[in-house]
Amino acid sequence: MIETRNGTLFFDGCDTTQLAQKYGTPLYVYSQTAIEERFAELRRDFIDGWPGARVAYAAKSFFCLGMARLVANAGMCLDVVSGGELNTALAAGFPAERIEFNGNNKLISELELAVESGVGRIIVDGAHELEDIEAICKVKGKRMKVLYRVTPGVKADSHDYIITGKKDSKFGFPLDEDVIYPAVEAAIRSPYVDFLGFHFHLGSQLFEISPYIQAIEIVLDLVRQVKARYGVDTRELNLGGGFGITYTNEERMPYREYLAPMMERVAACFDEMGVPRPALVVEPGRSIAGDAAITLYTIGSIKEIKDVRKYASVDGGMTDNIRPALYQAVYRSTLANKADMPAEETVTICGKCCESGDVIIRDAQLPKVERGDCLAVFSTGAYGYTMASNYNGIPIPAVVLVKDGQEELMVRRQSYQDVIACQLVPESLKG
Ligand code: LLP
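Quick look at the structure, then. (Residues numbered from 1 in each chain as written. Predicted model: local features only at pLDDT ≥ 70, side-chain atom pairs only at ≥ 80, totals over all residues. Heavy atoms only, no water.)

1. Notes on the pattern of salt bridges
Consideration 1: Inspection of the entire model under this criterion finds 27 salt bridges.
Consideration 2: A salt bridge links Glu3 to Arg5; the nearest nitrogen and oxygen atoms lie 2.9 Å apart.
Consideration 3: For Glu3, a relative accessible area of 35% corresponds to the partly exposed category.
Consideration 4: For Glu177, the salt bridge is made with Arg229, and the minimal N-O distance between the two is 3.2 Å. Of this pair, Glu177 sits in helix H7 (residues 177–189) while Arg229 sits in helix H8 (residues 210–230); the two residues are 52 residues apart in sequence, bridging distant segments of the chain.
Consideration 5: On the accessibility criterion, Glu177 (51% relative accessible area) is exposed.
Consideration 6: By relative accessible area, Arg229 is classed as partly exposed at 39%. (Salt bridge = Lys/Arg side-chain N within 4 Å of Asp/Glu carboxyl O. Buried < 20%, exposed > 50% of the residue type's maximum accessible area, 1.4 Å probe, protein only. Helix = DSSP H or I, 4+ residues; strand = E, 2+ residues; numbered from the N terminus.)

Here's what the structure looks like:
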């Protein structure tokens, strides 16, 4: 996907320096081939190996109308967490029945949109939400398929801001007997919902298998209890996402290493109970989009602070990639126009925002950096564009989709006009 031709960085067959020239920088560049390969891997190692298995791509990691089409065309399902993501999916013609709606505080208006548009599943996050869904379904004469998100109380190893499966969490039902069982019973007895099973999500950028195994074992205990108490079979289990990718020296693992041990345990549990195996669902985001994209920047101001550090500023920063500032995330980079030159200096790549924390890469090893060079930062596809902001009035960059040497614009760059499009001057302030 990434190669050097005549000293220039190519991405999925496209000359990145030409893309930078044609579309301007900063520029997010997504490889369609990389995204499709991830879906193919999941199809081979998960969907084809388990009747009823589905992949619901986590829109929060990267989403726009074009990405919705890519996910739809690959035959995948979609995990959305807001009315906005749901609306984007529907506007792209994404089949509603393949959408699953997650989120810890779904608004009534969002639930109404979900029920009206006929989304496939709502992943219920708390007891009050079941009541909201019931009320809406009653009025609209609908019945909704639901799963319960539970917090298995497992601690996964990642940045504290992106772990979610531990007991102290704003997400999901805690597994206290007096909380979870009355809630499950309410769903089973409700005429307005079809209770399918359970969902858990442990966190993001995970490389250990053991938290997944601990979590599935806890959830399988719950499944046995539900069978014993209510005689009800669990028909679906959603294992969440969280599979790690390579940013610098982490080693990405194939999906099957996470999934096969969970599939084995689910099969054994259901076979032992003598009931049909449930559908299994995963919700990967980062592992689909993360290393499928690079960000291109132009180097501007360069400052050498004697005996301290050399800074090179780019024309974007925390407005297009908040992850270093928010999670101390680290990235790899290269100069796209000097891709075959050896590294010869240590440079800190910073953004153009008025924040000292606006550093994209501390101590990058690069060939001699000069104004006008094109910097490519790798693995920026997840939680970059979707977390972008207009801080300092900076427009959100364009997104280009590339495949086999062909390129197409997927999101155009915001103009200054776009930045103020929602703003009004109060009558009382008009001069
Ligand atoms: N399912 C649920 C319910 C989730 O909460 C998430 C991520 C996913 C699936 C997808 O997880 P993934 O496969 O992408 O790890 N902004 C942070 C990551 C936040 C993740 C939130 N939930 C970051 O930039 O690292």
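We are not done yet, so read on.
2. Considering the state of the cysteines
Consideration 1: Summed over all chains, the structure comprises 0 disulfides.
Consideration 2: Note on Cys14: no disulfide assigned, nearest cysteine sulfur contributed by Cys374 at a separation of 13 Å.
Consideration 3: No disulfide involves Cys137; its sulfur sits 20 Å from the nearest other cysteine sulfur, which is in Cys77.
Consideration 4: Since its relative accessible area comes to 1%, Cys137 is described here as buried. (Disulfide = S-S within 2.5 Å.)

3. Some words on the side chain of Asp125
Consideration 1: Examined against the element boundaries, Asp125 turns out to sit in the loop between strand E8 (121–124) and helix H6 (127–140).
Consideration 2: Within the buried set, Asp125 has no salt-bridge partner at all; the shortest N-O distance to an opposite charge, 4.4 Å, is to Arg149.
Consideration 3: With residues near it in sequence (within four places) discarded, Asp125 still touches Gly103, Asn104, Lys106, Arg149, Lys170, Phe171, Gly172 and Phe173. (Lys, Arg positive; Asp, Glu negative; His and termini not counted. Contact = heavy atoms within 4.5 Å.)

4. Concerning the site of the ligand
Consideration 1: The environment of the ligand is made up of 18 residues, and the closest members are Ser204, Glu283, Arg286, Arg323 and Tyr383.
Consideration 2: Within the side chain of Lys60, an N or O atom sits 3.2 Å from an oxygen atom of the ligand.
Consideration 3: Within the side chain of Tyr383, a nitrogen or oxygen atom sits 2.6 Å from an oxygen atom of the ligand.
Consideration 4: Residues that form the shell around the ligand fall into these classes: 6 nonpolar, 6 polar and 6 charged. (Near = heavy atom within 4 Å. Polar contact = N/O pair within 3.5 Å; in protein donor to acceptor, adjacent residues only side chain to side chain. Nonpolar A, V, L, I, M, F, W, Y, C, P; charged D, E, K, R; others polar.)

5. Digging into the pairing of strand E4 (residues 27–31)
Consideration 1: In terms of burial, E4 is a largely internal element, 5 of the 5 residues being buried.
Consideration 2: The side-chain alternation of E4 yields two buried faces, one formed by Leu27, Val29 and Ser31 and the other by Tyr28 and Tyr30.
Consideration 3: Here 4 bridges tie E4 to strand E14 (residues 293–305), and the two strands are oriented antiparallel to one another. Bridging from a neighbouring strand, Tyr28 pairs with Thr295 of E14.
Consideration 4: In the sheet, E4 pairs with strand E20 (residues 398–403) via 5 bridges, with the strands oriented parallel. (Pairing = 2+ DSSP bridges.)

6. Remarks on the packing of aromatic side chains
Consideration 1: For the structure on display, the rule yields 12 aromatic pairs.
Consideration 2: On the numbers, 3.8 Å between centres and 15 degrees between planes, the contact of Tyr30 with Phe62 is stacked. A residue pair is termed long-range when its members are at least 10 positions apart, and Tyr30 in strand E4 and Phe62 in the loop between strand E5 (54–58) and helix H3 (65–73) qualify at 32 residues. Phe62 matches Tyr30 in its accessibility class, with the two residues each being buried.
Consideration 3: Their ring planes at 65 degrees and their centres at 5.9 Å tell us that Phe62 and Tyr385 sit as a pair that is edge-to-face. With Phe62 in the loop between E5 and H3 and Tyr385 in the loop between strand E19 (374–378) and E20, the pair connects residues that are 323 residues apart, well separated along the chain. An identical accessibility class is assigned to Phe62 and Tyr385; each is buried.
Consideration 4: One Lys or Arg, Arg98, reaches over the ring of Phe94 and ends 5.4 Å from the middle of that ring.
Consideration 5: Here Lys106 stacks its cationic end above the ring of Phe101, 5.7 Å away from the centre of that ring. (Phe/Tyr/Trp six-rings, centres within 6.5 Å; stacked < 30°, edge-to-face > 60°. Lys NZ or Arg CZ within 6 Å of the ring centre and 35° of its normal.)

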